[in-house]
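Working through the structure, step by step
Here is how the chains run, residue by residue.
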Amino acid sequence: MILKDEMLDSLLTELSKEQIVYVPKQVNGTTRFAPYVSSDKMKLDQVNTVMPPKDLLFPQTQNMYHYGVEKNSGNMFIDPVIESADQILFGVRSCDMRSFDCLDAAFLTKGYIDEFYQAKRDRLTTIAIGCTEVSETCFCESMGQDPNHAPQADIQLRHGEGGYNVTAQTEKGEALLEKFKPFCEEGEVEVADVHCTLNVDASNIKDNLDILHESHELWDSMSYKCLNCGTCTFVCPTCYCFDIDQENRCKEGVRFRCWDSCMFSEYTAMAGGHNPRPEKRDRVRNRFMHKLNYFEDRYGKMLCVGCGRCIEKCPVSLDITVLIDRANELAQAEETEAAHA
Amino acid sequence: MSDITTTLRERARALMEDGTIAAFIGWEAGRFERQTTPLICLDAADTDRLIFDEYCVNTTAKYVRDLKQRGRIGVAVRGCDSRAINRMIEDNQFKREDVYLLGIPCPQMNDRKTGTVLNKCQDCAHRNPVTYDELLGEAMEETAPQDRYARAHLVSGLDRIARQNIFNMAFERCIRCYACRDVCPCCTCRTCFVDQRNVGWLGKQDNLSENRFYGMIRAFHISDRCIECGECERACPMDLPLMAINKKLVEDMNTLFGEYESGMTTDNEDALRSFSKTDLEEFE
Ligand code: SF4
Ligand code: SF4
Ligand code: SF4
Ligand code: SF4
């Protein structure tokens, strides 16, 4: 089935009647996924948005409950705030689709269900578009993704001359496809595959980091230049750490959660002043070990999808692919040494 | 530029080998074309990786704070780096004798994507290092911008509502990563007000009012010390026009307390930390 380019606006307008449709676009000086407005200028053929779509499911700041003391009765109240709405994420890429697998694992498995996340997740429908262009920092193929195809998406689109091929991949997708039909026609356009230009060998990185988790050579050299800002974690589609805090006004308050970053020293600060990760090195190590080792251990997948955002935005160009290369080298050297000993 | 790279490597290596310095801070090539990244050399062999070209966009002086316990630290300094060093000396972060400075007159740095001169370098009035132990290469003629406060004037000429819109839109997209603070040579407080969680100056929620509060307090807090290096704005992942604010504050400081430029010396009388009978008294 083909969706012609010129039908896109009508389709999205139709879809927007019943749900909020998030599309990649330029908003307020940056690019992110934001609600579609008819004849919006979208960024569909561009590389990744600056901000990932994770805030659709896991907002940077999310109210969890209101509490307080009622004026007349003097009774205490606690009202949970569980926000949820039917949402469509349109134009998401393979890497960001894969990031939802990671978030799902963290928020919905191992015997704990995060209801704030789940309420949003259950009502999200995803329409992926295969990439037609890659950025120099894209390395999703090295992390096991296919930039042309996102198997998790409810509907997959691929762009070719004049339009998109439309394929439903899940039940949800099949249902939504009905809405597509009036705007589509039979047939297929020819599409061309793209490939990442940045490639690293991440096949053994988990094992290599097992060997190197205490390697000063690796962690010192990788962390000297880090500023311990929160840029890399906040632009990352898979980083899911949060803090919980509250805002009080007189006899009422709201408890909220907000993104936190393991790169901040305050993240591990404990009551009494002790900090178990006192040095830059400890924090840099935690970030990369979590991404490339611990998460794999616990959930059987990497917590990096190769979107390249952290590489793009780190103010000192600290590059996760350089770390992977360096770890491979050092692990190899250690193994050779062990074999000779 | 390649001859500067060669001299830089030679001098850094010699200084490490003869024990003058314990570490050297410069730049090395990144993974991508036209990309460099800060390099901290801890032994002489590392100095072979040093480079200098027009893509050395990072101002690196702040690393001295992390390294100073190792001994004397060598730093490659252009105008901005040298002023950052002066600033940190004046703010008691280390002493002049704790650093050994290889000065490099700056050809101005380019944006790696567009190939055009970075905003911060267009605004720069001091391409030659203002303090150094050795100067590599010939000093060059300065190309100070005609209007030192041009970035501020782009905004300050607008009416109140327009100005408010610009800043609200900007702080609306701030993600509070604090990269602007973390690169800034003036942001050296032992505990930043942001991190004083128990006092609670700043809420952790990301919203316009908290973001604006963060940005403004930081700007005010360094307003008499800002060296106008523009590194905060370059580092910001969300492209906030931070220099419009900083330049405006520097302009106000100059108007209210007399002409000065922070970071030119180590004994400047910072307006907010010194008292003069001639200071403007607006509350008569
Ligand atoms: S790796 Fe880069 S983006 Fe991440 S904390 Fe360090 S300096 Fe900031
Ligand atoms: S670690 Fe970097 S490349 Fe990997 S998913 Fe996060 S932002 Fe993308
Ligand atoms: S660097 Fe930019 S996004 Fe980050 S806290 Fe500063 S102003 Fe906000
Ligand atoms: S321009 Fe920005 S980074 Fe530089 S001194 Fe001023 S506030 Fe700090």
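The paragraphs below set out a description of the structure included in this document. (Residues numbered from 1 in each chain as written. Chains lettered and ligands numbered in written order. Predicted model: local features only at pLDDT ≥ 70, side-chain atom pairs only at ≥ 80, totals over all residues. Heavy atoms only, no water.)

Moving on to the interface of chain B and chain A. Reports of interface size often rely on the accessible area that becomes lost once the parts have come together. Taken together, the contact pairs 35 residues of chain B with 40 residues of chain A. Between chain B and chain A, a total of about 3,100 Å² is buried, with carbon and sulfur atoms accounting for 51% of that surface. The three residues of chain B that bury the most area against chain A are Arg31, Phe32 and Lys204 of chain B, which together make up 22% of that side's buried surface. Between the two partners, chain B and chain A, sit 10 salt bridges. The residue Asp319 of chain A makes a salt bridge to Arg31 of chain B at a minimum N-O spacing of 3.7 Å. Elements with a contribution of two residues or more to the side of chain B that touches chain A: strand E2 (36-41), helix H2 (63-67), helix H6 (160-173), helix H7 (179-183) and helix H9 (231-235) of chain B. For the side of chain B that touches chain A, the per-class residue count stands at 15 nonpolar, five polar and 15 charged. (Contact = heavy atoms within 4.5 Å. Buried area = accessible area lost by both parts, 1.4 Å probe. Salt bridge = Lys/Arg side-chain N within 4 Å of Asp/Glu carboxyl O. Helix = DSSP H or I, 4+ residues; strand = E, 2+ residues; numbered from the N terminus. Nonpolar A, V, L, I, M, F, W, Y, C, P; charged D, E, K, R; others polar.)

The next subject is helix H8 (residues 280-299) of chain A. All names here are of chain A. In this model, H8 (20 residues) spans 26 Å end to end at C-alpha, consistent with the 28 Å of a helix rising 1.5 Å per residue. Its axis deflected by about 55° at His290, H8 carries its strongest bend there. With respect to burial, H8 is a largely interior element, 14 of its 20 residues being buried. Note on H8: the residue one or two positions beyond its end, Gly300, has a positive phi of about 70°. (Expected span 1.5 Å × (residues − 1). Bend = angle between axes of the 7 residues up to and from the residue. Buried < 20%, exposed > 50% of the residue type's maximum accessible area, 1.4 Å probe, protein only.)

A few words on a negative patch on the surface. Residues and elements named next belong to chain A. Where like charges cluster on the molecular surface, the negative patch consists of Asp207, Glu334, Glu335 and Glu337. In terms of residue count, the dominant contributor to the negative patch is helix H10 (residues 320-340) (three residues). On the secondary structure map, Glu335 appears in helix H10. Assessed through its relative accessible area of 46%, Glu335 is described here as partly exposed. (Patch = residues over 30% accessible without salt bridge, like charges linked within 9 Å, V, L, I, M, F, W, Y side chains within 5 Å. Areas by Shrake-Rupley, 256 points an atom, 1.4 Å probe, with all protein chains shown as cover. Lys, Arg positive; Asp, Glu negative; His and termini not counted. Charge placed at Lys NZ, Arg CZ, Asp CG, Glu CD.)

What follows covers the site of ligand 1. Near ligand 1 the following residues occur: Cys226, Leu227, Asn228, Cys229, Thr231, Cys232, Met263, Cys314, Pro315, Val316 and Leu318 of chain A. Residues of the shell around ligand 1, tallied by class, amount to nine nonpolar, two polar and no charged. (Near = heavy atom within 4 Å.)

The subject of this paragraph is the packing of helix H6 (residues 216-223) of chain A against H8 of chain A. All names here are of chain A. Remark: H6 packs on H8, axes separated minimally by 9 Å, with the N-to-C direction vectors making an angle of 105°. The angle between H6 and H8 places the two elements in the roughly perpendicular class. For the pair formed by H6 and H8, the contact residues are His216, Trp219, Asp220, Met222 and Ser223 on the first element and Lys280, Arg281, Val284, Arg285, Phe288 and Met289 on the second. Taken together, the residues of the contact of H6 with H8 break down into five nonpolar, two polar and four charged. (Axes fitted to C-alpha atoms, helices over the stretch in contact; angles between N-to-C directions. Parallel < 35°, antiparallel > 145°, perpendicular 65-115°, else oblique.)

This part takes up the pattern of salt bridges. Working definition: two side chains of opposite charge can pair if their charged atoms are close together. Residues and elements named next belong to chain A. Following the criterion strictly, the structure yields 51 salt bridges over all chains and no others. The residue Asp101 makes a salt bridge to Arg98 at a minimum N-O spacing of 3.1 Å. In this pair, Asp101 and Arg98 both sit in helix H2 (residues 94-108), three residues apart, roughly one turn of the helix. A relative accessible area of 22% means that Arg98 is categorised as partly exposed.

Residues Val199, Trp201, Phe213 and Ile217 of chain B make up a contiguous nonpolar surface patch of roughly 370 Å² in combined accessible area. Positionally, Phe213 of chain B belongs in helix H8 (residues 208-221).

Before going further, it helps to spend a moment on the sheet that holds E2 of chain B. All names here are of chain B. Strand order across the open sheet formed by five strands is E2-E1-E3-E4-E5, with mixed pairing between neighbours. The strands lining the two open edges of the sheet, one partner per strand, are E2 and strand E5 (134-135). Helix-sheet contacts for helix H3 (residues 79-90) involve strand E1 (23-29), strand E3 (73-77) and strand E4 (99-103), and the interaxial angle to E3 is about 140°. (Pairing = 2+ DSSP bridges.)

All right, on to the environment of Ala44 of chain B then. All names here are of chain B. For Ala44, the position within the fold is in the loop between E2 and H2. Remark: the alpha-carbon pair of Ala44 and Arg13, spanning 31 residues in sequence, is separated by 5.2 Å. Filtering out sequence-adjacent residues up to four positions away, Ala44 remains in contact with Arg13, Met16 and Glu17.

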